[in-house]
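Letter by letter, the chains look like this.
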Amino acid sequence: MDNKMPNMDYDADEVINEFKEKIKWPKSKEVQAVVKPTKLPLRILLSVLITILAGAAVYYMMLPALNIHDTQMYIFFIVLVVVFIAAFSLVCRANKKIERKEYVKKKSLIPIIIIAVIAAVMAVGYVTGMTLFRAHSYSELMQVNDSDFEDDFKDISYDEVPRIDESRALKLADQQLGSLSEYMSQYVVSANSTQINYNNTPVRVAYLEYADIFKWINNTKDGLPAYMLIDLITQKVTAINCVDEFGAGIKYSPTELFNEKLYRHLRFQYPTELLDTPNFEIDDSMHPYWITAVLDKTIGLFGGTDVKGVIITDAISGESNYYDIEQVKSSKELSWIDVVYSESLLIEQYNYYGKLQNGFWNSIIFQNDVNIASNGSGNIAMDDDVWVYTGVTSSKSDTSNFGFILCNQRTKETRYYANHGATEESAQQSATDAVQNYGYDATFPILLGIDGNPTYFMSLYGDSYTVKGYAFVSLEDKTVVGTGLLDVAKSDARALNSALENYIDALKEKGVVDDVDKNDILIDEEDINGADDNAITDDTANTDTPAQPDNNTASDGSITGEVTDIKTSVNDGNTVYYLQIQGKYYYIKVTDAMEVLLISKGDTVTVEFDKNSDGSFIPASSVTVK
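Source: prediction; values computed, not measured. (Residues numbered from 1 in each chain as written. Predicted model: local features only at pLDDT ≥ 70, side-chain atom pairs only at ≥ 80, totals over all residues. Heavy atoms only, no water.)

**Let's talk about the overall build of the protein chain**
Along the protein chain, the regular secondary structure elements total 19 helices and 28 strands. Burial statistics for the protein chain: of 626 residues in total, 49% are counted as buried. For the protein chain, the proportion of contacts with a sequence separation of at least 24, taken over those separated by at least 6, is 56%. Accessible area of the protein chain: about 30,900 Å², with a carbon and sulfur share of 51%. (Helix = DSSP H or I, 4+ residues; strand = E, 2+ residues; numbered from the N terminus. Buried < 20%, exposed > 50% of the residue type's maximum accessible area, 1.4 Å probe, protein only. Contact = heavy atoms within 4.5 Å. Areas by Shrake-Rupley, 256 points an atom, 1.4 Å probe, with all protein chains shown as cover.)

**Things to note about the pairing of strand E4 (residues 226–231)**
The buried fraction of E4 is high, at 6 of 6 residues. Because side chains alternate across E4, one face comprises the buried residues Ala-226, Met-228 and Ile-230, and the other comprises Tyr-227, Leu-229 and Asp-231, equally buried. Bridge count for strand E3 (residues 201–210) against E4 is 5 bridges, and the pairing is antiparallel. The residue of E4 that forms the bridge with Arg-204 is Ile-230. For E4 and strand E5 (residues 237–241), the ladder comprises 5 bridges, and the chain directions are antiparallel. Bridging from a neighbouring strand, Met-228 pairs with Ala-239 of E5. Here E4 folds back onto E5, and the loop between the two strands holds 5 residues, one of which, Gln-235, carries a positive phi near 70°. (Pairing = 2+ DSSP bridges.)

**Quick notes on the environment of Asn-67**
Here Asn-67 is to be found in the loop between helix H2 (40–62) and helix H3 (71–91). Along the sequence, Asn-67 and Thr-272 sit 205 residues apart, while their C-alpha atoms lie 5.3 Å from each other. Not counting chain neighbours up to four residues away, the residues in contact with Asn-67 comprise Met-73, Thr-272 and Leu-274. There is a polar contact of 2.9 Å between the side chain of Asn-67 and the backbone oxygen of Thr-272. (Polar contact = N/O pair within 3.5 Å; in protein donor to acceptor, adjacent residues only side chain to side chain.)

Structure follows, in structure tokens:
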């Protein structure tokens, strides 16, 4: 037996290096041959099929318009080329064999050239649409006409303009939705709403969204059952039940998934059109629709955004129709549409008009006659349309406007008024300072004409998002302020009139006006209060045939009977219940009778009221469930 020890005279590093040399992946320059894969036509076909499948999934998510003016289309094609290269590399097993990797690299030259060409087209399209070279074209996107403030604003009454802004309107809608047991926890009010004119009244309409993915799974087959209608004057909120009114829920909306998702539904119907964000609107019969502006790029490939048409989509059935923009502007049948041009697009086009009329370099260096829209914008109703208004100020930060503009959101008609004065933000601050001891905030102002004087009108709010009062601030002199508070006046109408009287007195003190008959300007408090107490939306008015009286009415101001219908609204931040008993509605605030939250149709209740009350809507003093 050999008892000699084995030779241990070797270096471990040398052994490891030798092993690495045997298994290492050769470098490209070390490859002696580039091997063409076998069954190449089959591999190419497989690569194409993989690209088609992956491209379909990408298209389903990206939804680009098949339009040369859409940057998303170019990105989509680049993604397709990259997917094809990756798929071809995999099916050729280039990751396993270096000689095939080199073959794929050589054959990838053409796809890489395609990507470079696409990128070059995008770059040229962008450059040809730059304001640097096309300033004059950009300045002509919007036509602006001078107009007279006193003539245009003489018919706008301060008691017919919105009292609440969008954020507070949505807050009230949230409160109303929370009081409706059939919708509670399943839906939320969308953060997107549209201000429109409905029956010559400024309102906001907001669609519902599913509270979460599980609520979508549970309810999507029936769609969204209702939408919210917020009266911006009376602050009443009504849930319009689409199932009851139109026979079905809203099946197509941004909150849906898959093919019922609104934008995807529109893209499949109109694959080549550039689509703006759809607006939710209702027609004169309260039927819900989506109004989608179809955009066009008029300068270069990607610049000069404008509207060329409108797609009207039935929110329930999904049926869509396209109309040319000139038809929308002129057709009486389509006059119910209020929002075609978005606020952002109108203000963008005005800024081009204000900055670039004298060329690009003038807008940067000399800035002669350069002006832009001020920060913030509002909406007013005029000529049965919704108009965007914003102040016009210098291109540098300023605390004053030297004019303002109105832009029609349906027709793009734009009017300029050469009335200089305070910016909207400084007017808000003046109103807030006037009630600083109460801690109220002011909404974004609405511009009105008070005895021919341009005046900002604002509502004052506390922490509860409810209106606490009103303020008027002179556009020409922001120190001229008039306020009226509900806690002092004890009614909405009196608070409005109090604010206006104080404002007129302030104008007189400044010598702006001499002799003004307040009675010609103040509103009729009895008419306004009566409307506030008894007004109710069409949703409540369109009830089933009233039950016939059963002669149960007591002479002492109480009635016992079956509740045949229940409606709710939010008035001045308070939820009000309307109980239909024997053909009449008896209404009471939730804070005055918490029991109404537990009442359902078919319950028997006793309602106490003033026996001298008359009419279809009677205020109740108490409600008791039998």
